[in-house]
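Structure assessment
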Amino acid sequence: MTRTVYYTASSLDGFIADPDNSLAWLLSRDIDEDGPMAYPGFRAGIGAAALGATTYQWILDNDPDGWEYTMPSWVFTHREFAAHDGITFTTDDVRAVHAAMVEAAGDRDVWLIGGGDLVGQFADAGLLDEVWVQYAPVTLGGGAPLLPRHVELRLEEHARNREFLCARYAVLPRT
Ligand SMILES: NC(=O)c1ccc[n+]([C@@H]2O[C@H](COP(=O)([O-])OP(=O)(O)OC[C@H]3O[C@@H](n4cnc5c(N)ncnc54)[C@H](OP(=O)(O)O)[C@@H]3O)[C@@H](O)[C@H]2O)c1
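We now turn to the structure provided with this report. (Residues numbered from 1 in each chain as written. Predicted model: local features only at pLDDT ≥ 70, side-chain atom pairs only at ≥ 80, totals over all residues. Heavy atoms only, no water.)

Considering the overall build of the chain
The following threshold applies: The numbering of helices and of strands both runs from the N terminus, where a helix is a DSSP run of H or I of at least 4 residues and a strand a run of E of at least 2. Throughout, radius of gyration means the C-alpha value; the globule benchmark is 2.2 Å times the number of residues raised to the power 0.38. The rule is simple: take the accessible area with a 1.4 Å probe, protein chains only, and divide by the maximum for that residue type; under 20% is buried, over 50% is exposed, in between is partly exposed. Contact criterion: two residues are considered in contact whenever any of their non-hydrogen atoms come within 4.5 Å of each other. What sets the accessible areas is the Shrake-Rupley method with a 1.4 Å probe; for residues, cover comes only from the shown protein chains.
Counting secondary structure elements, the chain contains 5 helices and 10 strands. Whereas a compact globule of 175 residues would reach a radius of gyration of roughly 16 Å, the chain reaches 15 Å, a difference of no more than 12%. Along the longest, intermediate and shortest principal axes, the C-alpha atoms of the chain span 40 × 35 × 30 Å. When the 175 residues of the chain are sorted by exposure, 48% land in the buried category. Taking contacts inside the chain between residues at least 6 apart in sequence as the whole, the part at least 24 apart equals 72%. Only carbon and sulfur atoms are counted for the fraction: they give 50% of the accessible area of the chain, which is about 9,100 Å².

Put into structure tokens, the structure is as follows:
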């Protein structure tokens, strides 16, 4: 059954980008890509993805390969971006987009790339199943928040991967 998973890296104080929208604090760190809970293993199980406009713009501006993902993806935005194969730019409600993502993902999982408020919109709709966080050994004091909502979680798995503390949480039903 398809799970909807927020997989991201965070500072210890809960920010996924610093106040300048930089990931320098993250990308300089040591991680074993073949090690526990690392991205390539996670990515292999993903069939569709969603992200916000700021994250998409960051990738266009900073990733030398640009948008290199091949899975069907939805970018939530009111901005005008150039059309791109496999990407749907949308202002639709997260419920409608989620239904399309689950269908596109087949027997794979759905990845919510971020940012935190967009993931919060999925959580508000009861559509978030898991949160995976790779905690970098740094505090930032401010920036883009990891998940600016009250979401109750249960720790399911944890591991050390070189500099990172990696944790997988199940989202608990709201009472
Ligand atoms: N640490 C990591 O692994 C990691 C992972 C992901 C992202 N990041 C970084 O974290 C930062 C995230 O920033 P963020 O939280 O501000 O951004 P974000 O979610 O990437 O983008 C926010 C924007 O998404 C659009 N949006 C959100 N919900 C929408 C909806 N329901 N309908 C239509 N548009 C919607 C709006 O764009 P419009 O302005 O177009 O309305 C909004 O301003 C970025 O710098 C990113 O690079 C880091």
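Let's talk about the pattern of salt bridges
Applied cut-off: The term salt bridge refers to a pairing of a side-chain nitrogen on Lys or Arg with a carboxyl oxygen on Asp or Glu at a separation within 4 Å.
Scanning the model with the defined rule gives 10 salt bridges in all. With its nearest N and O atoms 3.5 Å apart, the salt bridge here joins E163 to R29. Of the two residues, E163 sits in the loop between β9 (153-161) and β10 (164-171) while R29 sits in the loop between α1 (24-27) and α2 (39-43), which places them 134 residues apart along the sequence. Taking the shortest distance from any N to any O, the salt bridge between R154 and E156 comes out at 2.8 Å. Among the residues examined, E156 registers a relative accessible area of 36% and is labelled partly exposed. One salt-bridge network, held together by shared partners, links R3, D109, E130, E157 and R168.

Quick word on the environment of S11
We apply this condition: Pairs of N or O atoms are called polar contacts if they sit within 3.5 Å, as long as, within protein, a hydrogen donor faces a hydrogen acceptor (for residues adjacent in sequence, only side-chain-to-side-chain pairs).
You can see S11 is positioned in the loop between β1 (4-10) and β2 (15-17). The spacing of S11 and G143 is 132 residues in sequence and 9.8 Å in space, taken between C-alpha atoms. Setting aside anything within four residues of it in sequence, one finds S11 in contact with W25, Y135, A136, V138, T139 and L140. Within the structure, S11 has its side chain in polar contact with the side chain of D13 (distance 2.6 Å).

Looking at the layout of surface pockets
Sizing a probe to match a water molecule and rolling it over the atoms shows the empty space that remains. Rule in force here: The rule is simple: put a 1 Å grid over the protein atoms alone, call a set of points where a 1.4 Å probe fits but cannot get out a cavity, call an open set with protein on both sides within 12 Å along at least five of seven lines a pocket, and count a residue as lining if it has an atom within 4 Å of a point. Grid points are joined across faces, edges and corners, and a volume is the space filled by probe spheres set on the points.
Of the pockets and cavities examined, the largest pocket occupies roughly 1,200 Å³. Elements with a contribution of two residues or more to the lining of the largest pocket: β1, β2, α1, α3 (53-62), β6 (109-114), α5 (116-124) and β8 (144-145). In terms of residue count, the dominant contributor to the lining of the largest pocket is α3 (5 residues).

Quick notes on the environment of A96
Relative to the helices and strands, A96 resides in helix α4 (residues 94-105). With a relative accessible area of 45%, A96 lands in the partly exposed category. For the pair formed by A96 and T175, sequence separation is 79 residues and the distance between their alpha carbons is 24 Å.

Section: the packing of α4 against α5
Selection rule: Lines fitted to C-alpha atoms define the axes here, with helix axes fitted over just the stretch in contact, and angles between the N-to-C directions of these axes take values from 0 to 180 degrees. Angle categories: roughly parallel below 35 degrees, roughly antiparallel above 145, roughly perpendicular from 65 to 115, and oblique for all the rest. All residues other than Ala, Val, Leu, Ile, Met, Phe, Trp, Tyr, Cys, Pro, Asp, Glu, Lys and Arg, Gly among them, are scored as polar; the first ten of these are nonpolar and the last four charged.
It is the contact of α4 with α5, at a shortest axis distance of 9 Å, that shows an interaxial angle of 90°. When the interaxial angle is binned, α4 and α5 end up roughly perpendicular. Residues V94, H98 and M101 of α4 touch α5, and the partners they reach there are L118, Q121 and F122. Residue classes in the contact of α4 with α5 are distributed as 4 nonpolar, 2 polar and no charged.

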